[in-house]
Amino acid sequence: MPPINLDRRDFLRATAMGLGGASLIGRNSWPDTVGAPPSYNGPNVVIIRFGGGVRRLETIDPEHTYAPYFLRELCPQGTLYTNMELTSLQKVETGHGQGTLQILNGKYNAFTNVSTHLFGERFESHVPTVFEYLRKTYSVPDHETLIVNGEDRKDEEFYSFSNHHLFGATYRCNTLSLYRYKIHILQRQIDEGRFDGEDLEEKLKELKELASLDQRIGAPEPSPQIEGFWDRWREFYGETGLVNARGDRLLTELATRAMKELRPRLLMVNYNDPDYVHWGNPSHYTQGIAVIDQGIRQIIEFARADDFYAGNTVFFIVPDCGRDSNRLTAVPFQHHFNSKSAHEIFGFVMGPGMARGQVIDRQCDQICVAATIGQVMNMPTEFAEGPALEEVFA
């Protein structure tokens, strides 16, 4: 395909007109959204947040990587962007929540922390996420659009929908996490009559507090499919939380079980273990990268062995943010100082119909991911500002 000579301003103008960039590089026209939306028959998409903030040095540098499977085995099978960044031209914070929302909505924002809790960090998207675009464009139930979230990241439980008046909670996705399981198991225990008297009053109060963490809509009514998922989890792992894996290994287990039982068409796995470096031990950071590398392998191997996902799934792997490189500090792996290396990340795309064996070193932005997902899934992403990563399309 000949190159498209289109500068950034022209592309953004086309995006604002509702083209989302895809028709500019040869994709099909969008489905007709008048009336009932059509069924979705395109490829599945799995977004893996190589999260908790990671530097290029310990991930995609062959001499220093702690992710050998990802770098040496997976990257030759797709397109690796070695010079992806979070822009330094706007007021963009190098944080986990901000980066996650930028992956999902394709727009840089000066996010406002709306958390009411001490040390809390909660951000809300003002433009739609890719989950909302998918569910508005196609008839996809909410249990087939999932975020798998970490147990220590309650403020990230609510990235499932934006505040945009044309999208929002109607088109939200579901979230799987131990926080959600706690709500489920407590409700089940109350329904089974496990408590009475003051104990029951205390448990009802606890349930109300858990369910009210999202001040916008509270805890949504879970679908029968999600309730069934948690019932099977309870039967297998029990109620204590001491049997199942923890940290990012838990996220891998939740993700592969969800792929088997719920068949999500769009799935995001928010890994985060490298962020435990804030405790002060550098090995928490490097070990966290290794755990994510193992998790990526398990998810890829599951997808390739499963009839629903094999040959019909596109993977996006991208960090939420980078990390600092200050050698004068005891732990030179922070990310809150907005340094150059904290803005430096990478991106990777792999799947059927995607180019293989490419290493692209041109500068590109984290916000390009959303438009690329829109193009893969043939849906408009009209409020995303980043252009699609055109090199990935074979």
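This text goes with the structure placed above it.
Here is what the cut-offs are and how they apply
Per chain, residues are indexed from 1 in the order of the written sequence. At least 70 in pLDDT is required for a residue's local features to be given in this predicted model, at least 80 for side-chain atom pairs to be given and counted, and no such filter applies to totals for whole chains, interfaces and linings, which use all residues. Excluding hydrogens and water, the side-chain figures rest on all heavy atoms present in the structure. Going along the chain from the N terminus, every DSSP run of H or I of four or more residues is numbered as a helix, and every run of E of two or more is numbered as a strand. Here's how the labels work: a residue is buried when its accessible area is under 20% of the maximum for its type, exposed when over 50%, partly exposed in between, all with a 1.4 Å probe on protein chains only. Working rule for contacts: check all heavy atoms of both residues, and any pair within 4.5 Å makes them a contact. To define axes, lines are fitted to C-alpha atoms, for helices over the stretch in contact only, and angles between the resulting N-to-C directions are given on a 0 to 180 degree scale. Any angle between 65 and 115 degrees counts as roughly perpendicular, while under 35 counts as roughly parallel, over 145 as roughly antiparallel, and the rest as oblique. Put simply, a crossing is left-handed when the front helix is turned counterclockwise from the back one by less than a right angle, and right-handed when it is turned clockwise. A pair of strands is labelled paired if DSSP reports no fewer than 2 bridges between them. By convention a nonpolar core is built from buried Ala, Val, Leu, Ile, Met, Phe, Trp, Tyr and Cys residues, the set being connected through side-chain atoms within 4.5 Å. Pairing of aromatic rings covers Phe, Tyr and Trp, the last counted by its six-membered ring, and requires centre-to-centre distances within 6.5 Å; plane angles under 30 degrees mean stacked, over 60 mean edge-to-face, and any other angle means tilted. Distance and angle both matter: a charge sits over a ring if NZ of Lys or CZ of Arg is within 6 Å of the ring centre and within 35 degrees of the ring normal.

Side note on the overall build of the protein chain
Stage number 1. A tally of helices and strands in the protein chain yields 11 helices and nine strands.
Stage number 2. Put simply, the protein chain has 394 residues, and 58% of those count as buried.
Stage number 3. For the protein chain, long-range pairs separated by at least 24 residues make up 75% of all intrachain contacts whose partners lie at least 6 apart in sequence.

Looking at the packing of helix α7 (residues 224-237) against helix α8 (residues 247-261)
Stage number 1. Look at α7 against α8: their axes get within 11 Å of each other, and the N-to-C directions meet at 125°. By the angle class used here, α7 and α8 are oblique. For the crossing formed where α7 meets α8, the hand is right-handed. Together, F229, W230, R232, W233, F236 and Y237 of α7 and L250, E253, L254, R257, A258 and E261 of α8 make up the contact between the two elements.

As for the environment of E206
Stage number 1. Tracing the backbone shows E206 in helix α6 (residues 197-211).
Stage number 2. Sequence separation between E206 and I183 is 23 residues, and the spatial gap between their C-alpha atoms is 9.2 Å.

Quick look at the pairing of strand β2 (residues 79-85)
Stage number 1. Counted residue by residue, β2 has five buried out of seven residues, so it is predominantly covered.
Stage number 2. Across five bridges, β2 lies against strand β7 (residues 344-350) in antiparallel orientation. Looking at β7, one finds that L80 is bridged to F348.
Stage number 3. Of the strand pairs in this sheet, β2 and strand β8 (residues 358-360) are connected by three bridges, and their pairing is parallel. Opposite T79, over in β8, you have Q358 as the bridge partner.
Stage number 4. For β2 and strand β9 (residues 364-365), the ladder comprises two bridges, and the chain directions are parallel. Looking at the pairing, M84 lines up with C364 of β9.

Some thoughts on the side chain of N174
Stage number 1. When you line up the elements, N174 lands in strand β4 (residues 174-176).
Stage number 2. Note on N174: relative accessible area 11%, which makes it buried.
Stage number 3. Once residues within four sequence positions are removed from consideration, N174 is found in contact with D142, H143, T145, L146, I147, S223 and I226.

Examining the nonpolar core
Stage number 1. F50, F70, L74, L176 and I296 are the most contacted members of the largest nonpolar core, which has 47 residues in total.
Stage number 2. Ranked by residues supplied to this core, first place goes to helix α9 (residues 282-305) with seven residues.
Stage number 3. Ignoring anything within four residues of it in the chain, the contact list for F70 reads F50, I60, C75, L80, D293, I317, F346 and F348.
Stage number 4. The next biggest cluster of nonpolar side chains, apart from the first, holds 45 residues, and it includes C173, F316, V318 and M379.

So, the pairing of strand β1 (residues 44-49)
Stage number 1. Across the six residues that make up β1, a large majority, six, are buried.
Stage number 2. Every second residue of β1 is oriented toward a common face, with N44, V46 and I48 on one face and V45, I47 and R49 on the other, all of them buried.
Stage number 3. Sheet analysis places β1 next to strand β6 (residues 313-318), joined by six bridges and oriented parallel. Looking across to β6, one finds that R49 is bridged to V318.
Stage number 4. Inspection of the sheet shows β1 paired to strand β5 (residues 266-270) by five bridges, in the parallel sense. In the strand pairing of β5, I48 is matched with V269.

A few points about the packing of aromatic side chains
Aromatic rings considered in pairs are described by the distance between their centres and by the relative angle of their planes.
Stage number 1. As enumerated under the stated definition, the model contains 15 aromatic pairs in all.
Stage number 2. Seen from their ring centres, F167 and Y171 are 6.3 Å apart, and the 65° between their planes marks the pair as edge-to-face.
Stage number 3. Accessibility expressed as a relative area gives 7% for F167, which makes it buried.
Stage number 4. Among the aromatic side chains, those forming a connected cluster through ring pairs are Y181, F229, W230, W233, F236 and Y237.
Stage number 5. Against the face of F167 rests K136, its NZ or CZ located 4.4 Å from the ring centre.
Stage number 6. Across from the ring centre of F236, 4.4 Å away, lies the NZ or CZ of R257, which sits over that ring.

What to know about the environment of P37
Stage number 1. By secondary structure assignment, the location of P37 is in the loop between α1 (8-16) and β1.
Stage number 2. Of the residues examined, P37 reaches a relative accessible area of 33% and is grouped as partly exposed.
Stage number 3. Non-local contacts of P37, meaning those with residues more than four positions away in its chain, are made with K136, T137, Y138 and S139.

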